[in-house]
Amino acid sequence: MIRMNVDDLDETVAFLEAHGFHKARHEAANETIDTGSSRINIMVSESGFILSVSQHIKDRD
């Protein structure tokens, strides 16, 4: 599994889905996980390559 930190999780998930990735099919991992300080999606390629994509929530004050 490769971990990837991004600035915009929704944009990254859409980009990966357009390039053949899909969200993990396991019930516990197929939705966006929101911890309050970060948001995470597990993405899987057609060949089974796994990415953990996360966006850390930043205070914009």
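Use the structure listed above.
Residues numbered from 1 in each chain as written. Predicted model: local features only at pLDDT ≥ 70, side-chain atom pairs only at ≥ 80, totals over all residues. Heavy atoms only, no water.

1. Quick notes on the pairing of strand 5 (residues 50-56)
In terms of residue burial, strand 5 counts as a mostly covered element, since five of its seven residues are buried. Looking at chain direction, strand 1 (residues 2-5) and strand 5 are connected through four bridges and run parallel. The residue bridging arginine 3 from the neighbouring strand is serine 52, located in strand 5. From the end of strand 4 (residues 38-44) to the start of strand 5, which pair antiparallel, there are five residues, and glycine 48 there has a positive phi angle of about 100°. (Buried < 20%, exposed > 50% of the residue type's maximum accessible area, 1.4 Å probe, protein only. Helix = DSSP H or I, 4+ residues; strand = E, 2+ residues; numbered from the N terminus. Pairing = 2+ DSSP bridges.)

2. Describing the pattern of salt bridges
What the rule picks out here adds up to one salt bridge. For the salt bridge of arginine 39 with aspartate 10, the shortest nitrogen-to-oxygen distance reads 2.9 Å. With arginine 39 in strand 4 and aspartate 10 in helix 1 (residues 9-18), the pair connects residues that are 29 residues apart, well separated along the chain. (Salt bridge = Lys/Arg side-chain N within 4 Å of Asp/Glu carboxyl O.)

3. So, the nonpolar core
Counting eight residues, the largest nonpolar core consists of Val6, Leu9, Val13, Leu16, Phe21, Met43, Leu51 and Val53. Secondary-structure elements contributing two or more residues to this core are helix 1 and strand 5. Here this core takes three residues from helix 1, the largest share from any one element. Residues contacting leucine 9, with those up to four places away along its chain left out, are Thr32, Arg39, Ile40, Asn41, Val53, Ser54 and Gln55. (Core = buried A, V, L, I, M, F, W, Y, C linked by side-chain atoms within 4.5 Å. Contact = heavy atoms within 4.5 Å.)

4. Some words on the environment of arginine 25
With respect to the helices and strands, arginine 25 occurs in the loop between strand 2 (22-23) and strand 3 (33-34). Arginine 25 sits 17 residues away from isoleucine 42 along the chain, and the two C-alpha atoms are 9.3 Å apart. For arginine 25, the side chain forms a polar contact with the side chain of histidine 22, separated by 3.2 Å. (Polar contact = N/O pair within 3.5 Å; in protein donor to acceptor, adjacent residues only side chain to side chain.)

5. Let's talk about the side chain of serine 45
The topology assignment puts serine 45 in the loop between strand 4 and strand 5. Engagement of the side chain of serine 45 in a polar contact is seen with the side chain of serine 47, the distance being 3.1 Å. Once residues within four sequence positions are removed from consideration, serine 45 is found in contact with Gly20, Phe21 and His22.

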